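Descriptive structure summary
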Amino acid sequence: MIRKALLLVAALATACAFAQERPERLVVVSWDGAPDWVIERMLREDKLPHTARLAERGARATMIQAFPSVTATGHVTLFTGAWPSTHGVVGNAVPLLPRAAHTVRETRSGFDARSMLVEPLWVTAAKSGRRVVALSAAGSFPPAPHVRMLQEAGVAADRFVQFSGFEAGIVGSEMIRGEGAQPVERAGLPSSRRPVRREEVEVAGVRVEILALDDPADPVDGYDTVEIRWPAPGVRPVTLKPQPAGDGLGEWAGPFQISRGELTGLTYFRLFSLDPATGRMELYRRRAAGLQGTEGPDETLRYLRAYGGFHDDAFFDTYGRGGLGPPIYRGGDGTAERRMLEIVRLDMEFVKRGFRYALERWNPDLLFHYTPMSDSAGHTWMGILDPDLPGHDPALAAKIWPFYEEVFRLQDAWLGDMIEAAGPQTAFALISDHGMAGAHTYFNGNYVLQQAGLLTLDGRGQIDFAKTRALVPPWGHHLVAVNSTEWKGGIVPAEEVEAVVRQVEAAFLAARDPESGRPMVLRTFRPAEFKALGIGGPAGGDLYFDLADGYYPSNRTAAEIVSRYDPVQRGGVHGMFPYRQKMHTIFIVGGPGVTPGTRLPTVRAVDVAPTLSRLLGIPAPAQSEGVAVPLGG
Ligand SMILES: [Zn+2]
């Protein structure tokens, strides 16, 4: 009897193992710019609990990206399993093809689906009968080329839902300060012990009244309340009290709906401070973008409302310009960083809501999601944080590091929320497009080419393409393109290309930083000699190069061989040779179909799509060049 029961248990265990071989659903989440070295450190310090649990439920590996390790290239490599030489997304911008019909200077965004020359995983999965949802996946907008692939394969239109808001900006964020406010007296104003101060601001064509008042019910002596009057039917005035940035999100007023053309977006207000004596304020208004994709206007609006609003990436235009107060590296006391983090926290709250809506509404078998926040934080702060950058200031870095970490902790909380919402039969893959390092100096390659007689500027300081043989082109940074006769208007005959490449190589390798006298270009790569980097191809360059630590390649024209970053903030950069440790990124996969504790070797970005395809039980994308790494099971 006991023996029989044991057999039954064994049989059940086998049945369960078999049943668990495939997840019911796979969610692929990309944290833009998640460096392996940062994630490794945070995991070691138990600061990313949900990421740690996902890795425990499955496998974690260091990932080597394609070259250049930039956002569009990295994501499209992950999503297609093909190298840039095959998929064509050689950078965040790409040249227009075919070469014979376009000059070397014509470009298109590398994020545009039309720049992708091969089939992405969302098309492969939908062709295999899976329901797929892509929410801001790089290379998925506009969806038309991929919808067409599915139509040609006879796949029902409801198998693929896609949205992006990156191309649909309506109005940027702003800090309203009440500096132009005037005292007003008229009927219908809220009661106030001091003259109400009124300012009118325009938000995408809507004239909004901002009133500062001294609320008789508020014990504060002086201005203590701001009222927002949004002129739309049924929208009531909203009152806000000043509150410093914190851990909650209860101080945000909104949503307020705005439009531009056919786009509809939502905006929100947050009162960070109000001066009782003058009524001056720091009233932040969130950026608003529309959403575009495969769905009609009604469905798009339903999703937008459930979601709350597309990303508000305030790192560059607002925080970086002092709009939230002076950053710590300009003498600030951390107020600006705490505000920045609250803006990120709201963004994370919205992606949580958006994910839960997508799950219920479209019930996908495969879902792609993304956040840009960790990348923007890295660009903003890594010049200070990178401990290996010469001139590193550990005291300043120690002040900034907790804020950088907090961005990842908020992303980790989002991951945890998604795992909880999706349930135990869902597998998750956490991926990223590149790492991050600090830089102090731009290397101006076009200046070097000009000095070598390979590039000529016209009277306005622009590249004269009729007299230029080689250039760091507008669609690349880490590569040089020969202006060959393959390109429309090109001047270098095929038989001279190799000689030009050699001249470029010699000039670059001889280039010295005028301050230190040291070489800046460490090595060069020719596409034919380094297949494993995925360089070259129809959209690629003729010569790629890697720079010494601390340098970043510029594709601008310049009057000097180098330009320096801001001496304090410096730069957070990526794109460099992907085998460099700081460019390494992450691959974490867990859930049904992945054996807990699986040890993985270093994974290449091209291996991710074939690996996830196998997990889903579908073929790898058609032009995939990677291999499926074993996930156990
Ligand atoms: Zn970036």
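Provided above is the structure to which this section pertains.
Just so it is clear, the structure is predicted and the values come from calculations on it, not from any experiment.

**Looking at the coordination of the zinc ion**
- D375 (OD), D375 (OD), H379 (NE2) and H574 (NE2) make up the full set of protein donors to the zinc ion, lying at 2.1 to 2.4 Å.
- Coordination at the zinc ion comes from four donor atoms whose angles at the metal span 55 to 152°, giving a geometry best classed as irregular.
- When the donor residues of the zinc ion are listed from N- to C-terminus, their spacing reads D-x3-H-x194-H. Of this pair, D375 sits in helix 11 (residues 373-385) while H574 sits in the loop between strand 28 (571-573) and strand 29 (585-590), and the two are 199 residues apart along the sequence.

**Remarks on the sheet that holds strand 15 (residues 263-274)**
- If you walk across this open sheet you meet the four strands as 8-16-15-14, and the pairing is antiparallel. Looking at the sheet topology across the chains shown, the edges are occupied by strand 8 (174-176) and strand 14 (252-260). Each neighbouring strand pair of the sheet contributes to a mean axis angle of 30°, computed without reference to strand direction.
- Pairing between strand 8 and strand 16 (residues 281-285): three bridges, direction antiparallel. Directly across from I176, in strand 16, lies its bridge partner L283.

**A word on the pairing of strand 29**
- Within strand 29, six of the six residues are buried, which leaves the element mostly enclosed by the surrounding structure.
- A two-sided burial pattern is seen for strand 29, the buried positions comprising T585, F587 and V589 on one face and I586, I588 and G590 on the other.
- Two elements, strand 2 (residues 58-64) and strand 29, share six bridges in a ladder whose sense is antiparallel. Bridge pairing links A59 to V589 in strand 29.
- Alignment of strand 20 (residues 426-431) against strand 29, held across four bridges, turns out to be antiparallel. Looking at strand 29, one finds that L430 is bridged to I588.

**As for the environment of V171**
- Structurally, V171 can be placed in strand 7 (residues 169-171).
- Of the residues examined, V171 reaches a relative accessible area of 17% and is grouped as buried.
- A C-alpha to C-alpha distance of 8.8 Å links V171 and R260, two positions 89 residues apart in sequence.
- If we skip the residues at most four places from it in the chain, V171 touches V203, A204, I258, R285, R287 and A288.

**Some words on the side chain of T73**
- Along the chain, T73 falls in helix 4 (residues 71-80).
- Each residue touching T73, except ones within four places of it in the same chain, is listed here: A66, P68, P84, H87, V89, V90, G91 and N92.

**Describing the packing of aromatic side chains**
- Taken as a whole and judged by the stated rule, the model has 36 aromatic pairs.
- Taking the centre distance of 6.0 Å and the plane angle of 70° together, the rings of F166 and Y370 count as edge-to-face. Linking F166 in the loop between strand 6 (160-164) and strand 7 with Y370 in strand 19 (residues 366-371), this pair joins segments that are 204 residues apart in sequence.
- Between the aromatic rings of F577 and Y579, the centroid separation amounts to 5.7 Å while the plane-to-plane angle is 40°, which identifies the pairing as tilted.
- For F577, a relative accessible area of 14% gives the class buried.
- One residue, R41, lies across the ring of W401, its end atom 3.9 Å from the ring centre.
- Here the basic side chain of K582 rests over the ring of W37, its NZ or CZ set 5.4 Å away from the ring centre.

**Topic: the pattern of salt bridges**
- What the rule picks out here adds up to 49 salt bridges.
- Here R356 and E420 are joined by a salt bridge, their closest N and O atoms 3.8 Å apart. Placement of R356 in helix 10 (residues 335-362) and of E420 in helix 12 (residues 394-422) is noted, with a sequence separation of 64 residues between them.
- Taking the relative accessible area as the measure of exposure, E420 reaches 63% and is therefore exposed.
- We note a salt bridge from E496 to R469, for which the minimum N-O separation is 3.0 Å. Taken together, the residues E496 in the loop between strand 23 (479-482) and helix 14 (497-510) and R469 in the loop between helix 13 (445-451) and strand 22 (470-471) connect sequence positions 27 residues apart.
- For R469, a relative accessible area of 25% puts it in the partly exposed group.

Cut-off values and rules
Residues numbered from 1 in each chain as written. Predicted model: local features only at pLDDT ≥ 70, side-chain atom pairs only at ≥ 80, totals over all residues. Heavy atoms only, no water. Donors = N, O, S within 2.8 Å, 3.2 Å for Na, K, Ca; no water. Tetrahedral: all angles 85-135°; square planar, octahedral: opposite > 155°, others 65-115°. Helix = DSSP H or I, 4+ residues; strand = E, 2+ residues; numbered from the N terminus. Pairing = 2+ DSSP bridges. Axes fitted to C-alpha atoms, helices over the stretch in contact; angles between N-to-C directions. Buried < 20%, exposed > 50% of the residue type's maximum accessible area, 1.4 Å probe, protein only. Contact = heavy atoms within 4.5 Å. Phe/Tyr/Trp six-rings, centres within 6.5 Å; stacked < 30°, edge-to-face > 60°. Lys NZ or Arg CZ within 6 Å of the ring centre and 35° of its normal. Salt bridge = Lys/Arg side-chain N within 4 Å of Asp/Glu carboxyl O.

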